[in-house]
Amino acid sequence: MKKPKFIPEFQDIPTQRQKMPELPVEERRLNFKEVELGFTEEMALKEAARCLSCRRCIGCGLCLAECDPGAVVYDQQTESISIEADGLIYTSDGKTYNPDLDLTLGYATCSDVITSYEFERLISPTGPFGGYLLRPSDGEIPRSIAFVQCVGSRNEAIGADFCSTTCCRRSLLQAKRAHQRDDVKVTVFHKGLRPIGKDSELLLAELEASDWIEFVEAEVHEITENGKGSVKVTFGRDKSQAEFDLVVLAVGVRADRDFRRFARAAGRDLNRFGFVQNSLKDLLDDVGAIRFAGAVCGPVTAHTAVIQAKAVSSSGFSDVARPEPRSLTGDKVLVYGCRYGLKLGGVSEKVLEQLGSNGFEQRGTYSYLCHKEGREALSAGIAHASHIVILGCHSGKYETFFEDLLNLERGSVTLISAQDLNGDIARTIKQAMESARLEPAVRRKPPAVCIVGSGMAGLAASRMLLRNGITVHLVEGDSEIGIGFKRIALAEGVEAETVDEYIRSVKDDENAKIHVNSRIKCLKKGNQGYVISLDSDGGQWDIECGAVLIATGSGRYIPEEFGYGTNPNIMTQDEFADRMSTNGINAKRVLMVQCVGARDDQHRYCSRFCCRQVLENALRYKEVVEDAQITIVHKGLRLFGFEEILLGEAIERGVELIQVKAKPRIYGENPLKVALESTEGNVELEADVIVLSAAHAHGEMHKDLATSLGVEIDDLGFINTSPDPLEPFDTSVEGVLACGLARQPMTAEEAFVEGLAAAGTICRRLMTRCEDEAD
Amino acid sequence: MTNSITSRSLIVVGGGIAGLEAAIEAARSGIDVTLVEESPFLGGLLLKEETISSGDYPALCLASRLINEVLEHPRIKVLTNTRIEKVRSADGKVRVAAKRLPPRVGIECTSCGACLLVCPIKPYDTFNEGLMLRTAIDFAGPRTFGGIYNIEKEIPACQERCPVHIDIRRYVGLIASGRYEEAIRVIRERNPLPAVCGRICPHPCESVCNRGRQDEPVAIDALKRFVSEYEIAQRRAGKFVPPKPKRNLRVKVAVVGAGPAGLTVAHDLAMEGFRVTIFEAAPVPGGMMHLGIPEYRLPRDILMSDIEYIKELGVEIKLNSPLTKEFTVDDLFKQDYKAVFVGVGAYKGLKLRVPGEDEYEGFLDCIEFLKRVNLGDKTKPGNKVIVIGGGNSAIDSARTALRLGCDEVTILYRRSRKEMPANPWEVEAAEHEGVKIHYLAAPVKILGSNGKVTGMVCTKMKLGKLDASGRRRPIPIEGSEFEVEADLIIPAISQQPDLSFLPDDHGFEISRWNSFVVDERTMATNREGIYAGGDDVTGPATVIEAIQAGHIAASSIKEYLSR
């Protein structure tokens, strides 16, 4: 049931259903008198008034009567449609968890318990209260708000042991917004905050330092109405209670239920939560006409959804697939009218009749020439046309649109806006045709693209551009391309053969120009766009390109703390993994320290991949050394989406997790000793091996590159990219884009997808630029 | 996700941010895109987001930018309100079958908003998460710059669910304002037997009533009964204007069987002016409504009043006139009837298939039993009665036996109460009146002596996995047999049509359930001009379903005869 909130209740709600009067049981023997006696008129009137009329259209037809333009099609019927296409992309925003299902959350019973999406509407200027933050129950301004995190997420009991990824960041932003709006006090009940995004660490730090917001790491047991116009929240092990004016449930993401049906029909396996789960392996070899993006691939932010969409759709640029444009060889000038365009311009459809013969052949009007019906009419006439004239809505760009549509040479179509049609129609058309370009322009090959870096993103982008016939200059600082790519792909379980094949397909492409051991020196404007000077094996090269894509990835932080380098039993996570592969390790007590070089004063961001890596390595080590005691020391794990499953597995396998408030102190040798200031008190531990989860680090890498290319870097040391989610790869220099780890921390899969998406963006821009120039 | 497509046309499912972006990216690069979205609007969840902003753009503005570009792009065809039903991918092509609900607003819309001002309906605003009200015209204008309108003119749940789609909301509304005459007229538009249905309809409409989600559904059926009684009272007071056929034709149509299906066909065709004659085998009209349903549920004067109404239209009912092997359907055509509807019902009780059946006196099928009582034989049939079965006729038999003075009436049912097909309120009433119900038990053998039934051996059952009917399959528990005493056993385990009246060379297609095979859209049998409907097609079902079949048959007979 959707609960009515701050809306006058149905007036008849309290009325009970009328009970049918019946013949008493004792009078029913030995006769066949009717048992049910029927309603009296009074009862019937009362009962009939109970009908809610479903709050739906009652078919009064007032809208039809009132509609002056005659747009209401009152009796329009359901329509069956069949569509055929070369490909399909299934996207979804996902659904949200329905908190009605859990009565302890109080959503079903208290008006002032709302979901995070309801809060979005409450605070929106286009929402019910015009942007004022008012309580749904009585319209008062709330003074205190509680946010309850992980409602319907990270809860194995309800079969949702995944993190919904977006809610922590959303709640933090909502809290900030509510405070700015009405100076409210905020309490956030959470199970370990996991705000996603490059700047979330800064946002969290800012909020943690504020006095109006309090973070309580505790389980919420019950939320109830307090009777005094407030909501009572019972939380924590000691069942503490607190009262709030408004409670916001940060509801988790659910897969679209319809999607299961679709996926089954499309033959696509889903994970147990009903999402498409793409591992790197799937991304590398997934081919097929049906592809997926957005919240069908798991919980995603709007930014990620856009990037996924770009990656899956930006693959049709392939000019190779487009046949050579034809030229018109007929002897008639055909004139078509677009009814929509004529209507916009206020011109009668009869305008075509005024043309007379005059050397034209008029071909009638169509409701939308750009749509299917019109297109068919256009293609039908092509054979005996020398030129095509369209009287329609806009002029300009649509000429190329129709030329592409019919696969004609540039200059074959003249489009005249209906607004310009006054006076002598025939003369207007002739003038327009004369002033149009006479020489058909030639479509030129798009310029080359320079890609810096051949890791996940760089290689994905290169391959995509090469497939579209674009020349790629791949600049790599190492002596070989794809070293990073190979290391990560192998670690993710991709077969060596697939990886090598992938790298080879880039290396061996005739349009690929590989520059190893190279470094970019500077960027200058050039004929095709840019000229880049390369420092390559001692020599200098100049390469011309139309766009630059920074896909340098990042290096690893080399720990300076925790005695790294002084003791062979203190190693990084990568070294640990290497030694596991070579069986060079057999320690019983393993201590792993998270956030080494991340989320501290020097590195104010979460490195994104390490929490997953530590759990994967811990589980792998448990396979090798079964009785190993593994302890993970962390500052709050940051696991997103389905990474949560690893956490469950790790706990099941006996991996111990200790959350600390400050950096651990390591002392002693054989055994190593560690002093921890945990959230539960001080602990001292002994360990045979200490593994440091070293984060991403750029050092001076980006700084040098940024200087030579002239792009900005942000305070955190990443290449600064546009905050516009629709063009996420743009840097401060036009034509220079950045993707993958160079612009923010992310996982290998995300970097791969970004590579594809960025390549798509570049590809589209170069193609359209070519056509613009050709015009 | 891959980069291997070189397609020129693309379907994008979902109008959320990912879908919009995918569509626009593809369209910009020259691909024809069909964007399919299930809701009336584009933008999805993102449109609702206010605080999730990026740079200078709140999510809302971001979505608006995308939506505008998508709506204006000539390469993108937007199908809102459209739901994907089927998808198939073969030979590099994807084929999708979809259903599009009508938005009811065409491209001529100028977003003037006049309709929003006049619409009297105020549903919850789904876009605003139910925090405010909107109109039945949903308008995405202030949220996006595109301005999309959509009129939600659905059939209400109750009307949709009703097999004959009575405009329930309208007549309930009329009753609420005391306009009973108009209310009964609304019912009669779709239901020629309102007084009957007001009493015995299992009212599936009530089970889907939205009020039921609030507390209890509206008592729709009782309201129908109320207005039909109002009509009867008017008639008795002489204030009733008898119905008149629309025109007068000379074409004759024969209906075999005066049950609900036959009466509906007769009613509908008589209204159209055809001359209809009903051939009824029994001495009374009404079919199962008269012979099966006991009087305590449907008093006979009520039934006759509904039938009287149909007769007033000029329908002739010939009682005691069964079709036989000698007087066949073909003879009807010879008598100048141009079309025939066969609605002979399902009167043949199924056998228990246990030893001892048919051997002793005191073993009576429920249809036989009810028919006997309903035709006036009100003698007490025995003292200890066992009824076998869980349907409505089992309950009817048990309650009837009780009324005849039987001391002990027990119902034996092989599944549990949850699986019982009888209306739950009937079961409750039976228990209330003193009928005992023995669940999870089934007969094994009939016992008797001196040619009379003395009892029965039963076995206990347990429930296994789901069977074809969607109910749990009963499995006998070995060694759990027990004996019960009885002097009358009434099996009520289902019926089949009794088609023994058909001559050997009848030429009809008959199913393995002994029913007529018809084209469900027209109710036409495989023989030209002959239609069938009701229980003799579906097996035992409800009055309202028979009426539904009658309507379909009548309209196709009309079409057939006007050819």
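Residues numbered from 1 in each chain as written. Chains lettered and ligands numbered in written order. Predicted model: local features only at pLDDT ≥ 70, side-chain atom pairs only at ≥ 80, totals over all residues.

(A) Looking closely at the overall build of chain B. If you tally the helices and strands in chain B, you get 19 helices and 24 strands. Counting only C-alpha atoms and orienting by the principal axes, one finds that chain B spans roughly 95 × 65 × 55 Å. A buried classification covers 52% of the 563 residues belonging to chain B. The long-range fraction of contacts in chain B, counting pairs at least 24 apart against all pairs at least 6 apart in sequence, stands at 66%. (Helix = DSSP H or I, 4+ residues; strand = E, 2+ residues; numbered from the N terminus. Buried ≥ 20, exposed ≤ 12 C-beta atoms within 10 Å, placed from the backbone. Contact = placed C-beta atoms within 7 Å.)

(B) The arrangement of the overall build of chain A in detail. Helix and strand content of chain A: 20 helices and 35 strands. Principal-axis analysis of the C-alpha atoms places the extent of chain A at approximately 110 × 100 × 55 Å. Residue burial in chain A is summarised as follows: out of 775 residues, 46% are buried. By sequence separation, contacts in chain A at least 24 residues apart represent 69% of the contacts at least 6 residues apart.

(C) Region of the structure containing the sheet that holds strand E33 (residues 689-694) of chain A. Residue and element names in this part refer to chain A. Strand order in the open sheet formed by five strands is E26-E33-E27-E28-E29, and the pairing between neighbours is parallel. For this open sheet the edge positions go to strand E26 (570-572) and strand E29 (656-659), each flanked by a neighbour on one side alone. On average, adjacent strands in this sheet sit at an angle of 25 degrees to one another, irrespective of strand direction. Where strand E27 (residues 589-596) and strand E28 (residues 629-634) come together, five bridges link them in parallel fashion. In the strand pairing of E28, Val-593 is matched with Val-633. Sitting on the sheet, helix H17 (residues 610-624) touches E27, E28 and E33, and the angle it makes with E27 is about 170 degrees. (Pairing = 2+ DSSP bridges. Axes fitted to C-alpha atoms, helices over the stretch in contact; angles between N-to-C directions.)

(D) Main features of the sheet that holds strand E31 (residues 672-678) of chain A. Residues and elements named next belong to chain A. Here three strands make up an open sheet; going across it, the order is E30-E31-E32 and the pairing antiparallel. One side of each edge strand has no neighbouring strand; the edge strands of this open sheet are strand E30 (665-667) and strand E32 (681-687). The mean inter-strand angle of the sheet, taken between neighbouring strand axes irrespective of direction, is 20 degrees. In terms of strand pairing, E31 meets E32 through seven bridges, oriented antiparallel. In the sheet register, Leu-672 faces E32, and the bridge partner there is Ala-687.

(E) Structural view of unusual backbone geometry. All names here are of chain B. Positive phi values are uncommon outside glycine, yet His-203 reaches one of about 35 degrees. Its place among the elements puts His-203 in the loop between helix H7 (194-200) and helix H8 (204-208). C-beta crowding within 10 Å serves as the criterion here: with 23 such atoms nearby, His-203 is assigned to the buried category. Although it is not a glycine, Ser-494 sits at a positive phi angle of roughly 130 degrees. Among the structural elements, Ser-494 can be located in the loop between strand E22 (488-491) and strand E23 (495-496).

(F) Local environment of the interface of chain A and chain B. Listed by partner, the interface residues are 123 residues for chain A and 118 residues for chain B. With nine residues, helix H8 (residues 302-313) of chain A is the single largest residue contributor to the side of chain A that touches chain B. Grouping the amino acids of the side of chain A that touches chain B by side-chain chemistry returns 65 nonpolar, 28 polar and 30 charged. Sheet topology places strand E1 (residues 79-85) of chain A next to strand E7 (residues 93-100) of chain B; seven bridges connect them, and they run antiparallel. Counted as the bridge partner of Ser82(A) is Ala97(B) from E7(B). (Nonpolar A, V, L, I, M, F, W, Y, C, P; charged D, E, K, R; others polar.)

(G) Local environment of the confidence of the model for chain B. On average, residues of chain B score 88 in pLDDT, and 95% of them reach the 70 mark or higher. Interface confidence in the predicted complex, given as ipTM, is 0.85; pTM for the same model is 0.73. (pLDDT = per-residue confidence, 0-100.)

(H) Expanded view of helix H13 (residues 300-312) of chain B. Residue and element names in this part refer to chain B. Compared with the 18 Å implied by 1.5 Å per residue over 13 residues, the 18 Å span of H13 between its first and last C-alpha is a close match. Of the surrounding elements, those touching the buried residues of H13 are H7, helix H11 (260-271) and helix H12 (288-291). After H13 finishes, the residue Gly-314 shows a positive phi value of roughly 105 degrees. (Expected span 1.5 Å × (residues − 1).)

(I) Broad picture of the domain arrangement of chain A. Residue and element names in this part refer to chain A. Splitting chain A by domain gives domain 1 (1-51), domain 2 (97-254), domain 3 (332-435), domain 4 (449-554 + 699-774) and domain 5 (557-695). Here the C-alpha centre of domain 5 lies 33 Å away from the C-alpha centre of domain 4. Contacts between the two partners involve five residues from domain 4 and, on the opposite side, seven residues from domain 5. Of the residues in the side of domain 4 that touches domain 5, the class split is four nonpolar, one polar and no charged. (Domains from an automatic or database assignment.)

(J) Summary view of the domain arrangement of chain B. Annotation of chain B at the domain level lists domain 1 (9-151), domain 2 (157-236), domain 3 (252-347 + 497-561) and domain 4 (351-493). If you average the C-alpha positions of domain 1 of chain B and of domain 4 of chain B, the two centres end up 58 Å apart.

(K) Representation of the packing of helix H14 (residues 483-491) of chain A against helix H15 (residues 496-507) of chain A in the model. Residues and elements named next belong to chain A. Their axes nearest at 10 Å, the elements H14 and H15 cross at an angle of 155 degrees. With respect to their mutual orientation, H14 and H15 come out roughly antiparallel. Our pair here, H14 against H15, has a crossing hand that is right-handed. Of H15, the residues touching H14 (which contributes Phe-485, Lys-486, Ala-489 and Leu-490) are Ala-496, Val-499 and Ile-503. Class assignment of the residues belonging to the contact of H14 with H15 gives a composition of six nonpolar, no polar and one charged. (Parallel < 35°, antiparallel > 145°, perpendicular 65-115°, else oblique. Left-handed = near helix turned anticlockwise from the far one by under 90°.)

(L) Seen up close, the pairing of strand E15 (residues 384-388) of chain B. All names here are of chain B. For E15, the buried fraction is high: four of the five residues fall into the buried class. Examined bridge by bridge, E15 and strand E16 (residues 408-412) share five bridges and lie parallel to one another. Bridge pairing links Lys-384 to Glu-408 in E16. Chirality of the crossover, the property in question, places the unit of E15, helix H16 (residues 392-403) and E16 among those that are right-handed. Note: E15 against E22, four bridges, orientation parallel. The residue of E22 that forms the bridge with Val-387 is Ile-490. (Right-handed = clockwise from strand over helix to strand, strands pointing away.)

(M) Up close: the packing of helix H5 (residues 168-176) of chain B against helix H6 (residues 180-190) of chain B. Residues and elements named next belong to chain B. Following both chains from N to C, one finds H5 and H6 inclined at 165 degrees, their axes separated by 8 Å at the closest point. Accordingly, the angle class assigned to the pair H5 and H6 is roughly antiparallel. Between H5 and H6 the crossing geometry is left-handed. Contacts between H5 and H6 involve Arg-170, Tyr-171, Leu-174 and Ile-175 on the former and, on the latter, Tyr-180, Glu-182, Ala-183, Val-186 and Ile-187. A per-class count over the contact of H5 with H6 returns seven nonpolar, no polar and two charged.

(N) Looking closely at the pairing of strand E21 (residues 518-525) of chain A. Direction of pairing for E21(A) relative to strand E22 (residues 530-536) of chain A: antiparallel, over a ladder of seven bridges. Across the sheet, the residue bridging to Arg519(A) is Asp535(A), located in E22(A).

(O) Examining the environment of Val342(B) more closely. All names here are of chain B. Within the fold, Val-342 resides in strand E13 (residues 337-342). Counting along the chain gives 190 residues from Val-342 to Ala-532, while the straight-line C-alpha distance between them is 4.6 Å. Not counting chain neighbours up to four residues away, the residues in contact with Val-342 comprise Val-256, Gly-257, Phe-516, Ile-530, Ala-532 and Asp-536.

(P) Inspection of H11(B) at higher detail. Residues and elements named next belong to chain B. Taking 1.5 Å of rise per residue, the 12 residues of H11 would be expected to cover 16 Å, and the 16 Å separating its terminal C-alpha atoms lies within 8% of that figure. In terms of residue burial, H11 counts as a mostly covered element, since 12 of its 12 residues are buried. Packing partners of the buried residues in H11 comprise strand E10 (252-256), strand E11 (275-279), H12, H13, E13 and helix H19 (543-561).

(Q) Inspection of the confidence of the model for chain A at higher detail. All names here are of chain A. Across chain A, pLDDT averages 85, with 93% of residues at or above 70. Low pLDDT, under 50, characterises residues 1-9; the stretch is placed with 16 contacts to residues that sit more than four places away or in other chains. Segment residues 316-321 is flagged for pLDDT under 50; beyond a separation of four residues in sequence, or across chains, it makes 19 contacts in the model.

(R) Representation of the environment of Pro21(A). All names here are of chain A. Within the fold, Pro-21 resides in the segment before helix H1 (41-48). In this structure Pro-21 comes out as exposed when scored by C-beta crowding, with 11 C-beta atoms within 10 Å. When the C-alpha atoms of Pro-21 and Ser-230 are compared, they prove to be 43 Å apart, with 209 residues separating the residues in sequence.

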